[in-house]
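Descriptive analysis of the structure
In case you want the letters, here they are:
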Amino acid sequence: MHNNYMALKSTSRILSLLVIAIISIAWCETSSVSRLTATEEVNLLKNGGLEEWIPLTYPLDMPKGWFCHNNTNVKKDTKIVCEGRFSAKMQSQEKGSTARIDQRIAVNPGQKIRIRFKYYVEQWKTKGARTYCYFRTDAAEKYDISAEDLQAFYGKEKYYIIRGGGYGKTYLPSDLNVWQTFDETVEVPPTAHYFVFGVNSYFGTTIYVDDCWVMDVIETTVKGDVNGDGVVDVADIESVLSVMFGSGIDGETSADVNGDGNVDISDVVSIISEITNL
Ligand SMILES: [Ca+2]
Ligand SMILES: [Ca+2]
Ligand SMILES: [Ca+2]
């Protein structure tokens, strides 16, 4: 008699949970919390839009906050501009020095940084142009992390984000007369505390650079996103139910949405309140 009573109680509990779950799913079917995993759009570069120029003797203006390897090769341009009023025209001489702009920022080992800038190739000669960035253990030039160490850390393909034209490309693509976007994300290597963002133009190549960003990539976990797809919706309720009723999912710890150590109907309620903002 006692056993029957316990079985009945257990069955009715499961049935009531199922009823709650079905109601929950029906209620949330059309709602979701949008993706919150985001890249924080704060530019770590100063004057990334190349809008501020320090007037020297014409035509030797300098972009504020930037270092120019040879400022006769880098000029403020008002005609071929992607963003704002000005861009940097980088015109290396055919038998002269590389045109280069660069800027150093502080970073931390393990930090993920997104490098994004716009470029426009007007003339392409021999080697063309590429990113040429450094990581430094210290602010001083002599503490550069070597190309060999960077290649070992990133692997060859990814290394070209730092010295090249992006993932797998040794130089920027040579398509002429169109603004293009470089947009890649890399991890800061261990021991690196400074990153130098730089672009080089070689041997008679003329490119324009504008709208330069280096961003700290912040990956946030979203409360209630049990299946980890970046969205809180009915699929997450189903994931919690899978854990509750034994079939399981990958990474079951995330099913404990309210963090009380158990995976139960209260976690479903927590997801519902995330979705409905209650
Ligand atoms: Ca600009
Ligand atoms: Ca989800
Ligand atoms: Ca819980």
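Calculation rules
- Residues numbered from 1 in each chain as written.
- Chains lettered and ligands numbered in written order.
- Predicted model: local features only at pLDDT ≥ 70, side-chain atom pairs only at ≥ 80, totals over all residues.
- Helix = DSSP H or I, 4+ residues; strand = E, 2+ residues; numbered from the N terminus.
- Buried ≥ 20, exposed ≤ 12 C-beta atoms within 10 Å, placed from the backbone.
- Contact = placed C-beta atoms within 7 Å.
- Pairing = 2+ DSSP bridges.
- Axes fitted to C-alpha atoms, helices over the stretch in contact; angles between N-to-C directions.
- Core = buried A, V, L, I, M, F, W, Y, C linked by C-beta atoms within 7 Å.
- Expected span 1.5 Å × (residues − 1).
- Parallel < 35°, antiparallel > 145°, perpendicular 65-115°, else oblique.
- Nonpolar A, V, L, I, M, F, W, Y, C, P; charged D, E, K, R; others polar.
- pLDDT = per-residue confidence, 0-100.

**Remarks on the overall build of the chain**
A count of helical and extended segments in the chain gives five helices and 14 strands. By residue count, 31% of the 278 residues in the chain fall in the buried class. A fraction of 71% describes how many contacts in the chain between residues 6 or more apart in sequence connect residues 24 or more apart.

**Quick look at the sheet that holds strand β5 (residues 74-77)**
Reading across the sheet, the five strands line up as β5-β6-β13-β8-β11 and stay open at both edges, with antiparallel pairing between neighbours. Every interior strand has two partners, whereas the edge strands, β5 and β11 (179-187), have only one. On average, adjacent strands in this sheet sit at an angle of 30° to one another, irrespective of strand direction. By the bridge criterion, nine bridges tie strand β8 (residues 112-123) to β11 in an arrangement that is antiparallel. Bridge pairing in β11 places Lys112 opposite Glu187.

**Here's the deal with the nonpolar core**
Ranked by internal contacts, the top residues of the largest apolar core, which has 39 residues, are Ala88, Met90, Ile101, Tyr119, Phe195, Ile207 and Val209. Once residues lying within four places of it in the same chain are set aside, the contact partners of Phe195 are Ile105, Val107, Ile113, Cys133, Phe135, Val188 and Val214. Val232, Ile237, Val240 and Val268 belong to the second-largest nonpolar core, a separate cluster that totals 13 residues.

**A closer look at the pairing of strand β7 (residues 99-106)**
Both strand β4 (residues 67-68) and β7 contribute to a ladder of two bridges, which runs antiparallel. Each residue of the ladder has a partner; that of Phe67, found in β7, is Asp102. Here eight bridges tie β7 to strand β12 (residues 194-201), and the two strands are oriented antiparallel to one another. Across the sheet, Ala99 pairs through a bridge with Ser201, a residue of β12.

**Considerations on helix α5 (residues 265-276)**
Here α5 spans 16 Å end to end across twelve residues, near enough to the 16 Å set by a 1.5 Å rise per residue. Those residues of α5 lying buried are Asp267, Val268, Ser270, Ile271, Ile272, Glu274 and Ile275. In the stretch just after α5, Asn277 is the one whose phi turns positive, near 65°.

**Some remarks on unusual backbone geometry**
Look at Asn177: it is not a glycine, yet its phi comes out positive at around 60°. With respect to the helices, strands and loops of the structure, Asn177 is situated in the loop between α3 (156-162) and β11. With 9 C-beta atoms counted inside 10 Å, the residue Asn177 sits in the exposed group. Even without being glycine, Phe203 reaches a positive phi, approximately 45°. Tracing the backbone through its elements, the reader meets Phe203 in the loop between β12 and β13 (206-216). Take Phe203: there are 18 C-beta atoms within 10 Å of it, and that puts it in the partly exposed class.

**Describing helix α4 (residues 234-244)**
Considered for burial, the residues of α4 that qualify are Asp236, Ile237, Ser239, Val240, Leu241 and Val243. Once α4 finishes, Gly246 follows within two positions and takes phi at roughly 95°, a positive value.

**A short note on the packing of α4 against α5**
Closest axis-to-axis distance for the α4/α5 pair is 9 Å, and the angle between their directions is 175°. Put simply, α4 runs roughly antiparallel to α5. Between α4, through Asp236, Ile237 and Val240, and α5, the contact on the second element is made entirely by Asp267, Val268 and Ile271. The residue makeup of the contact of α4 with α5, split by class, is four nonpolar, no polar and two charged.

**Here we look at the pairing of β8**
Note on strand geometry: in a regular strand, side chains alternate between the two faces of the sheet. For β8 and β13, the ladder comprises nine bridges, and the chain directions are antiparallel. Each bridged residue has a counterpart across the sheet, and for Tyr119 the counterpart in β13 is Val209.

**Some thoughts on the environment of Thr185**
Mapping Thr185 onto the fold places it in strand β11. Along the backbone, Thr185 and Arg114 are 71 residues apart, and their C-alpha atoms lie at a distance of 4.1 Å. The contacts of Thr185, once residues within four sequence positions are left out, are Lys112, Ile113, Arg114 and Val217.

**Details of the confidence of the model for the chain**
In regions of low pLDDT, the predicted coordinates are not meant to be interpreted in detail. In this model, the chain carries a mean pLDDT of 86, and residues with pLDDT of at least 70 account for 82%. Counted against residues more than four places away or in other chains, residues 34-38, with its pLDDT under 50, gives eleven contacts.

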